[in-house]
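# Survey of secondary and tertiary structure
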Amino acid sequence: MPAKQERRLRIGVLGAGQIAQAAHFESCTKAANADLYAICDVAEDLRERMAITHGAEKTYDDYDKMLADPDLDAVIIATADAFHVPASLRALQAGKHVLCEKPVGVTIEECLELKAVVDTSGKVFQVGHMKRFDAGLQAAKSFIRDEMGEMVALKAWYCDSTHRYPMTDAVQPLIVTSANAKKPSANPKADLRRYYMLAHGCHLIDTARYFAGDIVSVNARLSERAGIWCWFVDVEFASGTLGHLDLTVQVRMDWHEGFQIYGKNGSILGKTYNPWYYKTSEVDIFREADGATHRVLGADGHFYRRQVEGFARTILDGAVMEGADIDDGLASVRAMVAVARSVESGKAVALSDVTGGV
């Protein structure tokens, strides 16, 4: 890994559960411009074990005490979805920068409340859509911006697999659990339609918006058969680009994620891997000008570490944010709610008309 820089962002991670153990602790320790300064979790056994394992300088069992630490620069919120907005608000009010796991919230109203605070806080707020730090997707984005010209159509798919856990368990660290961990009042997996959309749909929607811009309306169909949840979503982009999204959980095949983009001066075909492989997407960019296809190797596929480094660059160096901001996070939640309302009504739904949650 690159040597640590002299100026580094001191980050405290709220939550010592699965996503923190699999992604955020390591990302902070490996980042060239950040450090894992503190870990906060109410479960003492888990908190102390993670601090020893990852070398955190401090530990806290009280979030407000961590936020009151003058040496803390920023927090990563790695909790259950229901805690994202309340924890973000407290951090911003304490004067800390925030990197919040996706989805940024579970209802449009709480996201709007958070946006109002972000907009007046003067602090950097980034949403953990880490796929924006995939070098293959970044190469596609650059081609779209600089060379492709008018985009005609985008198709994207995100299909979780029945075989994901035997595969991911082999490459992830052993996840340590605690009976003392704080859990939301309701089981997030009690409603699988809602859970799958929040957990997976937000990735698909953010990727589509990253490439094609704002979504105006959606027309969605949902099939729940044979233990498979399958959403087909026709998307109207503000740019006039035709869009189609496929979210399916769980396919009887390998993890199946990718996109096709057709434009005036070329086309793009992308294959994305399960994120825990830390393997850059294979993105083939065809340039009409030379009649050839180009692919970025992207040897560094640690999207979560790259995400932390981008977050730190924005704060320490004033760099333009590469990740998703509060408006991107809000737009993703609006789109997910619109998909849910479209499924219920059988009609196209404008994002500007929806309220509530998925």
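Residues numbered from 1 in each chain as written. Predicted model: local features only at pLDDT ≥ 70, side-chain atom pairs only at ≥ 80, totals over all residues. Heavy atoms only, no water.

Next up on the list: the overall build of the chain. Within the chain, the secondary structure is distributed over 10 helices and 15 strands. The C-alpha radius of gyration of the chain comes to 20 Å, within 12% of the 21 Å expected for a compact globule of 358 residues. The dimensions of the chain, computed from C-alpha atoms along their principal axes, are 55 × 45 × 45 Å. As displayed, the chain offers around 15,600 Å² of accessible surface, 51% of which is attributable to carbon and sulfur atoms. Between the centroid of the 40 positive side chains of the chain and the centroid of its 48 negative side chains there is a distance of 2 Å. (Helix = DSSP H or I, 4+ residues; strand = E, 2+ residues; numbered from the N terminus. Rg over C-alpha atoms; globule rule 2.2 N^0.38 Å. Areas by Shrake-Rupley, 256 points an atom, 1.4 Å probe, with all protein chains shown as cover. Lys, Arg positive; Asp, Glu negative; His and termini not counted. Charge placed at Lys NZ, Arg CZ, Asp CG, Glu CD.)

This part is about the sheet that holds strand β8 (residues 215-225). Read from one edge to the other, the open sheet built from nine strands follows the order β14-β13-β12-β11-β7-β10-β9-β8-β15, with strand pairing classed as mixed. Two strands lie at the open edges of the sheet, namely β14 (292-294) and β15 (349-350), each paired on one side alone. For β8 and strand β9 (residues 228-237), the ladder comprises 10 bridges, and the chain directions are antiparallel. From the neighbouring strand, Ser223 faces β9, where its bridge partner is Cys230. (Pairing = 2+ DSSP bridges.)

Here we take up the UniProt feature "domain: Gfo/Idh/MocA-like oxidoreductase N-terminal" (unreviewed entry) in the chain. In the numbering used here, UniProt assigns the feature "domain: Gfo/Idh/MocA-like oxidoreductase N-terminal" (unreviewed entry) to residues 9-129. From the first C-alpha to the last, residues 9-129 spans 20 Å; its make-up is 44% helix and 22% strand. (UniProt positions renumbered as here; feature names shortened; annotations may be inferred.)

Moving on: unusual backbone geometry. Most of the time, phi is negative for any residue but glycine, and the peptide bond is trans. The residue after Lys102, namely Pro103, is reached through a cis peptide bond having omega -15°. Following Val249, the chain continues into Gln250 via a peptide bond in cis, with omega recorded as 0°. Summarising the element assignment, Gln250 is placed in strand β10 (residues 242-251).

Take the nonpolar core next. Formed by 75 residues in total, the largest nonpolar core has its most connected members in Tyr63, Phe125, Leu154 and Ile268. Of all the elements, helix α8 (residues 192-212) adds the most residues to this core, at 10 residues. Aside from chain neighbours lying at most four places away, what touches Ile268 is Ala140, Phe143, Ile144, Met148, Phe259, Gln260, Ile261, Val283, Asp284 and Ile285. Counting residues in hydrophobic clusters, the runner-up holds 27 residues, among them Phe25, Ala34, Ala43 and Val124. (Core = buried A, V, L, I, M, F, W, Y, C linked by side-chain atoms within 4.5 Å. Buried < 20%, exposed > 50% of the residue type's maximum accessible area, 1.4 Å probe, protein only. Contact = heavy atoms within 4.5 Å.)

The hairpin formed by β8 and β9 contains two residues between the paired strands, and Ala226 there has a positive phi angle of roughly 55°. Taking the residues that link successive antiparallel strands as the turn, the β9-β10 hairpin has four residues, and the phi of Gly240 there is positive, at about 95°.

Bringing the pattern of salt bridges into the picture now. Counted under the stated rule, the structure contains 26 salt bridges. Asp327 is paired through a salt bridge with Lys115; the nearest N and O atoms lie 2.8 Å apart. Separated by 212 residues along the polypeptide, Asp327 in helix α10 (residues 326-345) and Lys115 in helix α5 (residues 108-121) bring together distant segments of the chain. Here the salt bridges share partners, and the residues they tie into one network are Arg132, Asp206, Arg209, Asp214 and Asp328. (Salt bridge = Lys/Arg side-chain N within 4 Å of Asp/Glu carboxyl O.)

Okay, the UniProt feature "domain: GFO/IDH/MocA-like oxidoreductase" (unreviewed entry) in the chain next. Following the UniProt record, the feature "domain: GFO/IDH/MocA-like oxidoreductase" (unreviewed entry) maps to residues 193-268 here. For residues 193-268, the helix share is 26%, the strand share is 55%, and the end-to-end C-alpha distance is 31 Å.

Turning our attention to the layout of surface pockets. Computed from the structure, the second largest pocket encloses a volume of approximately 160 Å³. Lining of the second largest pocket is provided by 13 residues; of these, Asp254, Trp255, His256, Lys271 and Thr272 occupy positions nearest its centre. (1 Å grid on protein atoms, 1.4 Å probe; cavity = no way out; pocket = protein on both sides within 12 Å on 5 of 7 lines; lining within 4 Å. Points joined across faces, edges and corners; volume = space filled by probe spheres on them.)

Moving on to the sheet that holds strand β5 (residues 97-100). Taken in spatial order, the six strands of this open sheet run β3-β2-β1-β4-β5-β6, and their pairing is parallel. Edge positions in the sheet fall to β3 (58-60) and β6 (125-127), since each has one partner strand and no second. When strand polarity is set aside, the average angle formed by the axes of neighbouring strands in this sheet is 25°. (Axes fitted to C-alpha atoms, helices over the stretch in contact; angles between N-to-C directions.)

Further remarks concern the packing of aromatic side chains. Overall, the coordinates contain nine aromatic pairs when judged by the stated rule. A ring pair is formed by Phe211 and Phe259, whose centres lie 4.8 Å apart and whose planes are at 50°; its orientation type is tilted. Of this pair, Phe211 sits in helix α8 while Phe259 sits in strand β11 (residues 256-263); the two residues are 48 residues apart in sequence, bridging distant segments of the chain. Considering the side-chain rings of Tyr278 and Phe303, the 6.4 Å spacing of their centres and the 45° angle between planes classify their relative orientation as tilted. (Phe/Tyr/Trp six-rings, centres within 6.5 Å; stacked < 30°, edge-to-face > 60°.)

Where helix α1 (residues 18-30) contacts helix α2 (residues 44-54), the axes come no closer than 11 Å and their chain directions differ by 40°. As far as their axial angle goes, α2 and α1 are oblique. Note on packing geometry: the crossing formed by α1 with α2 is right-handed. Packed against α1, whose contacting residues are Gln21, Phe25, Glu26 and Thr29, the element α2 presents Leu46, Met50 and His54 at the interface. Here the contact of α1 with α2 is built from residues that sort into three nonpolar, three polar and one charged. (Parallel < 35°, antiparallel > 145°, perpendicular 65-115°, else oblique. Left-handed = near helix turned anticlockwise from the far one by under 90°. Nonpolar A, V, L, I, M, F, W, Y, C, P; charged D, E, K, R; others polar.)

Before going further, it helps to spend a moment on the side chain of Ser281. You can see Ser281 is positioned in the loop between β12 (266-272) and β13 (282-287). A residue is classified by how much of its surface remains accessible, and Ser281, at 2% relative accessible area, is buried. Within polar-contact distance, the side chain of Ser281 engages the side chain of Asp134 at 2.6 Å. (Polar contact = N/O pair within 3.5 Å; in protein donor to acceptor, adjacent residues only side chain to side chain.)

Our focus in this paragraph is empty space enclosed by the protein. Gaps between atoms show up when a probe of the same size as a water molecule is rolled over them. This model, assessed by the stated rule, comprises five cavities of 30 Å³ or more. A volume near 80 Å³ is recorded for the largest cavity. Taken together, 14 residues make up the lining of the largest cavity; nearest its centre are Lys131, Thr207, Glu257, Phe259 and Thr272. Of all the elements in the fold, those that place two or more residues in the lining of the largest cavity are β7 (151-161), α8 and β11. When the residues that make up the lining of the largest cavity are grouped by side-chain class, the tally is six nonpolar, five polar and three charged. Surrounding the second largest cavity, Met197, Gly201, Leu204, Ile205, Trp231, Val233, Leu245, Leu247 and Val339 form its lining. Elements with a minimum of two residues in the lining of the second largest cavity: α8, β9 and β10. Examining the composition of the lining of the second largest cavity, we find that four residues originate from one element, α8, more than from any other. Grouping the amino acids of the lining of the second largest cavity by side-chain chemistry returns eight nonpolar, one polar and no charged.

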